[in-house]
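The lines below spell out each chain.
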Amino acid sequence: MSTNTMPTKTKEKTINIPVNGLTCLHPSKRNPDKMVCEIDIDLFEQVNDPGTLDTIIRNARQDYKTGNFKTADSAEDLISDLRGKYED
């Protein structure tokens, strides 16, 4: 697993996406186990705090610019890393 230095802690944010706000467009060509979906932003904004999506995108862009991220070589590496953070 490749690791970049993570000098600052990323603020975690949870969002809710209403099921009736999702429209599945087509299966992913690269990975048949995934779907490409469209999110109805109006419904998204009804169930989330104003600016939630803007905040998430802004923070993600800032983290990427500053190198505050990790990369994984496989799904198993990613899952292992994520489990390690939340297990005692």
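Everything that follows concerns the structure shown earlier in this document.
Residues numbered from 1 in each chain as written. Predicted model: local features only at pLDDT ≥ 70, side-chain atom pairs only at ≥ 80, totals over all residues. Heavy atoms only, no water.

1. Side note on the overall build of the protein chain
Part 1 of the argument: Across its full length, the protein chain holds three helices and two strands.
Part 2 of the argument: The order of helices and strands in the protein chain, counted from the N terminus, is β-β-α-α-α.
Part 3 of the argument: In the protein chain, buried positions account for 10% of the 88 residues.
Part 4 of the argument: Look at the contacts in the protein chain between residues 6 or more apart in sequence, and 53% of them connect residues 24 or more apart.
Part 5 of the argument: Put simply, the protein chain shows about 7600 Å² of open surface, and 51% of that area lies on carbon and sulfur atoms. (Helix = DSSP H or I, 4+ residues; strand = E, 2+ residues; numbered from the N terminus. Buried < 20%, exposed > 50% of the residue type's maximum accessible area, 1.4 Å probe, protein only. Contact = heavy atoms within 4.5 Å. Areas by Shrake-Rupley, 256 points an atom, 1.4 Å probe, with all protein chains shown as cover.)

2. Description of a nonpolar patch on the surface
Part 1 of the argument: Side chains of Ile-15, Ile-17, Leu-22, Ile-39 and Ile-41 sit close together on the surface and give an oily, nonpolar patch of about 340 Å² of accessible area.
Part 2 of the argument: Topologically, Leu-22 is positioned in strand β1 (residues 22-27). (Patch = residues over 30% accessible without salt bridge, like charges linked within 9 Å, V, L, I, M, F, W, Y side chains within 5 Å. Salt bridge = Lys/Arg side-chain N within 4 Å of Asp/Glu carboxyl O.)

3. Here we look at the packing of aromatic side chains
Part 1 of the argument: Considering all chains together, one arrives at one aromatic pair under this definition.
Part 2 of the argument: Seen from their ring centres, Tyr-64 and Phe-69 are 5.3 Å apart, and the 25° between their planes marks the pair as stacked. (Phe/Tyr/Trp six-rings, centres within 6.5 Å; stacked < 30°, edge-to-face > 60°.)

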